[in-house]
Amino acid sequence: MRLAARLVGEAIDFGIISKEEQELYVCILCTMGFSAITWATLIILGYLFGCLPGCLVFLVLYLPLRIFAGGLHCNNRRNCYILSVVIFAVMIFTYHMMESASYIWFDYLLYISVAVIIIMAPVQDKNKPLECAEARHHRRTALKILMVEIILLLGMNLLFQNRLSKEIIFFSTVPYKLLALQLILGAAKNKWFLSAHSEE
């Protein structure tokens, strides 16, 4: 936070941005810094536990969808980071415990997860509310990203079915299962939040 404020202050001194935009740019830098730390943690864990390629595949597939599909968000960055690390650890632990990974043709949980994303996206959060126009834009973009990723995933499995490693198969399907869970939990949280406030 202090580093972001200092960088923005220097940008104001040099006339790059105006004083009125200071708070906005500090927020943007803090968000970018937090995201970089979070995803760097996954890359480090992937490297330490011998599944760096799989973690990179996960990031490439998950990040674009997560941005536009939304889902559950924590109330502060510390809790978000802790939850993210726990999710990364469980994901990597599950991968190492599996003897083999099912091909996507037989991964019925993947089909269910994709259906959930198609039906529910985007799920906004009280910490990241969306206007109606924004929600429509996010939905269209999320579905386009999902369609491209699924086509690539199916094509990859068709072309390299017998040569794909367990690691790539596993980490290429986790993003959709995780996102579907986050959408369901996010919607449940929103419903609880609205019911709690309606009773007050």
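Owing to the predicted nature of the structure, the values given are computational and were not obtained by experimental measurement. (Residues numbered from 1 in each chain as written. Predicted model: local features only at pLDDT ≥ 70, side-chain atom pairs only at ≥ 80, totals over all residues. Heavy atoms only, no water.)

S.K.: What should I look at first to understand the overall build of the chain in this one?
M.R.: Helix and strand content of the chain: seven helices and zero strands. Taken from the N to the C terminus, the helices and strands of the chain come in the order α-α-α-α-α-α-α. Restricting to contacts in the chain with at least 6 residues of sequence separation, those with at least 24 account for 78%. Only carbon and sulfur atoms are counted for the fraction: they give 69% of the accessible area of the chain, which is about 12500 Å². (Helix = DSSP H or I, 4+ residues; strand = E, 2+ residues; numbered from the N terminus. Contact = heavy atoms within 4.5 Å. Areas by Shrake-Rupley, 256 points an atom, 1.4 Å probe, with all protein chains shown as cover.)

S.K.: Quick question: what am I supposed to make of the packing of helix H3 (residues 52-69) against helix H6 (residues 132-159) here?
M.R.: Helix-helix packing is described using two parameters, namely the angle between the two axes and the distance between the axes. Relative to each other, H3 and H6 sit at 160°, their axes nearing to 8 Å. One finds that H3 runs roughly antiparallel with respect to H6. H6 is crossed by H3, and the crossing has left-handed handedness. Touching Val60, Leu61, Pro64, Leu65, Ile67, Phe68 and Ala69 of H3 are His137, His138, Thr141, Ala142, Ile145, Leu146 and Glu149, all from H6. Residues that form the contact of H3 with H6 fall into these classes: 10 nonpolar, three polar and one charged. (Axes fitted to C-alpha atoms, helices over the stretch in contact; angles between N-to-C directions. Parallel < 35°, antiparallel > 145°, perpendicular 65-115°, else oblique. Left-handed = near helix turned anticlockwise from the far one by under 90°. Nonpolar A, V, L, I, M, F, W, Y, C, P; charged D, E, K, R; others polar.)

S.K.: What is the right way to read the confidence of the model for the chain from this model?
M.R.: When pLDDT drops low, the exact placement of atoms in the prediction is not to be read closely. Residues with a pLDDT of 70 or more make up 82% of the chain, whose mean pLDDT is 84. Averaged pLDDT values for the elements of the chain fall to 66 in helix H1 (residues 2-13) and rise to 94 in helix H5 (residues 108-120). (pLDDT = per-residue confidence, 0-100.)

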